[in-house]
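Read off the chains here:
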Amino acid sequence: MRSFEYRITDEAGLHARPAGLLVKEAKKYASVIRVEKDGKTAEAGRLMALMGLGIKKGDLVTVTAEGSDEEAAAEGLEQFFKNNL
């Protein structure tokens, strides 16, 4: 399992557009990818679950990837967060 933490810098937080892009990015990998905030966890491939976390600017999230391509998944998602959130 690989994981990283990221503090959200986007003014609007994880709103519909970046959440949709995150789902698309997560589905590129075979690994199970989860996003956790304040003890609540959602699979990154499920849009409504991600939106339900209520991630706002300044929130610290933990992203984990577990599976056959977890190394690539963690690196890809970390780059996605830096570029989009």
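A few points on the structure. Everything quoted here is computed from the prediction, not taken from an experiment.

The rules behind the values
- Residues numbered from 1 in each chain as written.
- Predicted model: local features only at pLDDT ≥ 70, side-chain atom pairs only at ≥ 80, totals over all residues.
- Heavy atoms only, no water.
- Pairing = 2+ DSSP bridges.
- Helix = DSSP H or I, 4+ residues; strand = E, 2+ residues; numbered from the N terminus.
- Axes fitted to C-alpha atoms, helices over the stretch in contact; angles between N-to-C directions.
- Contact = heavy atoms within 4.5 Å.
- Phe/Tyr/Trp six-rings, centres within 6.5 Å; stacked < 30°, edge-to-face > 60°.
- Buried < 20%, exposed > 50% of the residue type's maximum accessible area, 1.4 Å probe, protein only.

Digging into the sheet that holds strand β1 (residues 2–7)
Point 1. Taken in spatial order, the four strands of this open sheet run β1-β4-β2-β3, and their pairing is antiparallel. Both edges of this open sheet fall to β1 and β3 (40–43), since each of them pairs with a single strand only. Each neighbouring strand pair of the sheet contributes to a mean axis angle of 25°, computed without reference to strand direction.
Point 2. Where β1 meets strand β4 (residues 60–66), six bridges bridge the pair, whose relative direction is antiparallel. Paired with Glu5 across the bridge in β4 is Thr62.
Point 3. Against the sheet, helix α3 (residues 70–84) touches β1, β2 (32–37) and β4, its axis set at about 5° to β1.

A word on the packing of aromatic side chains
Point 1. The tally for this structure, following the rule as stated, stands at three aromatic pairs.
Point 2. Relative to Phe81, the ring of Tyr6 lies with its centre 5.6 Å away and its plane at 65°, an arrangement referred to as edge-to-face. Here Phe81 lies in helix α3 and Tyr6 lies in strand β1, a separation of 75 residues in the sequence. Summarising the burial analysis for this pair, Tyr6 and Phe81 share the class buried.
Point 3. Here the aromatic rings of Phe80 and Phe81 are separated by 6.1 Å at their centres, their planes lie at 80°, and the arrangement is edge-to-face.

So far we have only geometry, and geometry alone does not tell us how the molecule works.
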